[in-house]
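Structural overview for review
What follows is the residue order along each chain.
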Amino acid sequence: MKPSRHEHGAVMIFVLFVLALAVATLAPAVIQSFYRAQAARASVARTVAQSDAASAALSMKRIISGPLREVVREEARSTAAFGSSYYFGSGDATSVASALASLASRIQTRADAIFCDYQPSDTQAQVSIRVYFTSTACGQALPPGLTLPQASMTQGRANGFQEYLVPFIAITSTTAGEFVGERVFQGSFRLGLGSDSFARYALFVHNNYYPDGSPGYLRSWNVLEGPVHVNGLLNVWGTPYVTGAVTTGSCPSLSPAGDCSVSVTPALGVYSEGVIPAASLTPSPESPCYPGGDCPTFAGGVDYSAALIPLPDELTNPILAAATTDGVVFPEEVTEFFLDRGTSPLTAGLEAQILEVTGETRTWRFFQEAGTPQLWLETPPGDNLVLNYDFRSSTTNGWVYPPSLVALPSSAAEVPSGAPTPYVARLDRRDAYYGPRFPAQPGDEFDVSIDAASGTATGVAGTGTYQLQVGLRFIKSDGTSTWIGTATSGSGAVPNDGAWHTSTGTITAPADTVEAQVWVQIDQPTSESYTYYFTNVRVSPSAHTEYSIVANAFNGAFYAAGSIDQLHGPPAGQALHPNTRLSIGAMGDIRISDNLYLGDPPCSGGPGFVGGSVVPSTCANLSSVNVLGLYSHTGNILIKNPAPDTLHIEAALMARSGWVGAENYDLRDAQGNVFVLGSITEARYGQFGVSNADGALASGYHLTLVYDPRFAPNTAAYPPAWPTYSGQLLYVVTGPLNEIR
């Protein structure tokens with residue numbers, strides 16, 4: 001029997017009911033599954049975007065510190081006003097900002113070419129990178145709420161070193177599915193240009209290898225607050241910390257002239273890894289860190305492609321040049337050089353800077369009274385007050401007249417044979433004077449002598465009536481002068497016969513004498529130009545202590561023609577008076593045997609690590625005036641063996657062709673710390689001691705270098721006549737790249 005139409009409807013209703021019930025039962029699970037799948041896809045997209053955002057940021061940082069830095073270097077070279085007082089603008093904030101805006105615009109064009117279509121190869125998400133040096137990058141305006149800082153000059157002075165800040169904002173965007181992630185960074189490039197003193201660098205090393213050929217390293221205990229420059233390859237071991245700009249020429253092989261003799265790949269020497277190209281340093285060139293624990297911090301930025309800065313050549317000696325004019329050239333080998341904040345032997349109760357120099361013939365005691373420009377020499381009875389008595393320094397330093405007076409080697413063809421000293425002076429005018437006038441009294445007696453011979457340099461035969469004598473010019477209270485020499489008060493003048501003779505005498509100051517001056521004369525008319533050669537000039541007070549002026553306006557330059565074997569101040573006292581500015585140079589080695597304290601130091605404590613954090617030095621006295629520089633032209637600056645276990649050296653130190661360190665650093669006992677407040681400039685990396693791998697001292701000293709902040713370009717309170725370098729674009733460093741959003 002066929003089902004009725006009513007029964008068919010009931011079946012249909014039942015089927016629909018079952019289907020509806022099934023849908024009602026299954027729908028939540030299906031929907032839930034759908035949303036779970038959608039969430040999973042979103043999670044994957046988010047993970048991809050976040051991972052790629054980190055990759056994009058890392059890629060951006062590498063490009064900024066690599067190719068973009070070179071763009072900035074090229075554009076800075078193209079736009080800087082070389083030859084002007086300022087490289088960008090006129091020194092004021094407005095003109096500097098305007099000039100740097102032009103540079104920023106040029107950089108922006110090239111930055112867009114690098115970043116606008118850039119897609120990192122190791123990312124799945126769509127990546128966008130924009131770097132803003134101006135208000136627009138890759139055709140997009142700087143987003144609301146972000147402000148680009150103003151470009152500026154951060155330090156420097158007209159016609160000297162200058163540093164400029166070029167800021168930027170970098171934005172990375174990563175898109176994966178519907179997820180978009182954005183990171184915002186703020187950074188800057190710092191451009192260093194111009195000439196300055198070598199003391200500007202806390203540490204300047206030409207060739208970063210020890211004298212034995214092993215590499216020199218910045219070590220874990222090194223905390224350097226000023227700029228550091230290495231012409232050669234910079235090497236690090238452990239966790240050194242540098243707050244100033246670190247710059248290196250990355251040259252693995254330097255020629256004697258200071259040029260790089262091979263092609264250069266910017267790189268860093270890492271103790272545990274070897275030499276690593278800068279582009280491969282991880283996690284970044286600015287903050288490399290390796291599993292062996294070699295993780296230096298270059299807080300002030302780093303430039304591995306900086307310009308090489310040559311040290312002065314052998315013919316350039318600014319300390320000697322200054323000493324030859326208004327300073328002191330000391331002709332003898334120095335066995336001891338004692339610096340002291342003492343009292344004047346001339347004016348009771350007045351403080352003075354004492355320079356007590358023991359040479360081959362006597363101890364020469366120089367002094368400068370506080371607040372006065374004159375440098376004096378104290379000469380006891382029997383000692384010679386003529387410092388440049390035999391011209392062995394090959395200069396006529398101290399002889400103030402005539403300008404034509406010259407020092408010659410005795411081997412010169414024009415010098416009569418048989419000269420008693422290796423060098424002599426040639427006089428072709430009537431009178432010659434040594435030193436400024438000095439106080440004298442009636443009745444003062446002086447023993448005088450000279451070795452001399454007549455010559456034929458001007459075509460005058462070695463015969464005739466004109467003779468040479470030595471003596472003194474005495475100045476009276478009314479300004480008139482009396483000349484007394486060996487021709488009338490001694491053995492007689494040196495005859496004009498071409499042979500070497502010694503002339504001696506004892507001279508007494510006449511009545512009404514107030515001043516005196518050492519005098520040598522050929523008794524010829526001023527219109528004549530007979531020639532004599534002389535040496536061994538001696539003028540000694542017979543029975544009284546004489547105080548003679550060495551320099552009327554002492555410029556602070558003291559130069560030893562040989563070496564200085566022991567240089568020191570009082571063990572616990574002050575070596576320099578608070579008003580003293582002094583540069584001590586030597587042709588050879590300088591050995592420091594005890595403390596050298598400033599009378600008014602700028603800093604009272606050095607930097608270091610405390611609980612893993614860097615504690616800066618305490619330098620609150622930046623208005624202090626006193627400064628000391630020690631300079632060796634052809635030798636080294638060494639801590640003498642023996643010396644105290646703890647040593648304080650408050651000075652700028654420079655070894656033009658040598659190194660700064662400790663004598664017998666690997667043979668002496670393990671001593672302690674040497675604290676240098678100032679700066680170090682050296683041709684080779686110097687060793688103060690030997691340390692084990694764990695940093696424990698095996699011999700010698702640990703060095704703590706405290707940078708004198710007065711040596712920064714804005715202050716430029718360098719030691720007198722300190723050597724300088726010339727340069728144009730010296731470095732381009734990137735500052736910290738901080739994530740701001």
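Here the focus is the sheet that holds strand β21 (residues 363-369). What holds strands together in a sheet is hydrogen bonding between their backbones, with the strands either parallel or antiparallel. Here 9 strands make up an open sheet; going across it, the order is β33-β22-β21-β20-β19-β35-β37-β41-β44 and the pairing mixed. With one partner strand each, in any of the chains shown, β33 (546-551) and β44 (660-662) form the two edges of the open sheet. Taken over all neighbouring pairs, the strand axes of this sheet differ in orientation by 25 degrees on average, direction set aside. Relative to β44, strand β41 (residues 637-639) runs parallel, the two sharing 3 bridges. Bridge pairing in β44 places I639 opposite A662.

Before going further, it helps to examine the sheet that holds strand β11 (residues 235-236). Ordered in space as β11-β14-β15, the 3 strands form an open sheet in which the pairing is mixed. Because the sheet does not close on itself, it has two edges, and the strands there are β11 and β15 (274-277). Strand direction decides the pairing type here: β11 and strand β14 (residues 267-270), joined by 2 bridges, are parallel. Residue pairing for β14: N235 is matched across the bridge by G269.

Space left empty within the atom packing is revealed by a probe, the size of a water molecule, rolled over the atoms. Here the largest pocket is characterised by a volume of approximately 440 Å³. Residue lining of the largest pocket: 24 residues in total, with Y210, Y217, R219, Y685 and G689 positioned closest to the centre. Elements with a contribution of two residues or more to the lining of the largest pocket: β45 (670-684), β46 (689-691) and β47 (697-707). Ranked by residues supplied to the lining of the largest pocket, first place goes to β47 with 5 residues.

Time to look at the state of the cysteines. A full pass over the atoms with the stated rule returns 3 disulfides. Paired by a disulfide, C289 and C295 hold their sulfur atoms 1.9 Å apart. Between C289 and C295 the disulfide shows an S-S torsion of about 60 degrees. By sign, it is right-handed. C289 gets classed as partly exposed once you look at its relative accessible area, which sits at 37%. Judged by relative accessible area, C295 falls into the buried class, the value being 18%. Note on cysteine connectivity: C603 is disulfide-linked to C619, with sulfurs 2.0 Å apart.

Quick look at the side chain of S503 now. Assignment of secondary structure puts S503 in strand β30 (residues 501-508). Setting aside residues up to four positions removed in sequence, S503 forms contacts with V448, S449, I450, V470, T486, S491, G492, A493 and V494.

With that settled, consider empty space enclosed by the protein. Inspection of the entire model under this criterion finds 1 cavity of 30 Å³ or more. Counted as a void, the largest cavity has a volume near 80 Å³. In terms of lining residues, the largest cavity is bounded by L377, L385, L387, Y434, G435, P436, F438, S548, I549 and V550. Secondary structure elements with two or more residues in the lining of the largest cavity: β26 (431-439) and β33. In terms of residues, the lining of the largest cavity owes the most to one element, β26, which gives 4 residues. Residues that form the lining of the largest cavity fall into these classes: 8 nonpolar, 2 polar and no charged.

Cut-offs used in this document
- Residues numbered from 1 in each chain as written.
- Predicted model: local features only at pLDDT ≥ 70, side-chain atom pairs only at ≥ 80, totals over all residues.
- Heavy atoms only, no water.
- Pairing = 2+ DSSP bridges.
- Helix = DSSP H or I, 4+ residues; strand = E, 2+ residues; numbered from the N terminus.
- Axes fitted to C-alpha atoms, helices over the stretch in contact; angles between N-to-C directions.
- 1 Å grid on protein atoms, 1.4 Å probe; cavity = no way out; pocket = protein on both sides within 12 Å on 5 of 7 lines; lining within 4 Å.
- Points joined across faces, edges and corners; volume = space filled by probe spheres on them.
- Disulfide = S-S within 2.5 Å.
- Buried < 20%, exposed > 50% of the residue type's maximum accessible area, 1.4 Å probe, protein only.
- Contact = heavy atoms within 4.5 Å.
- Nonpolar A, V, L, I, M, F, W, Y, C, P; charged D, E, K, R; others polar.

By themselves, these are just geometric observations and shouldn't be taken as functional.
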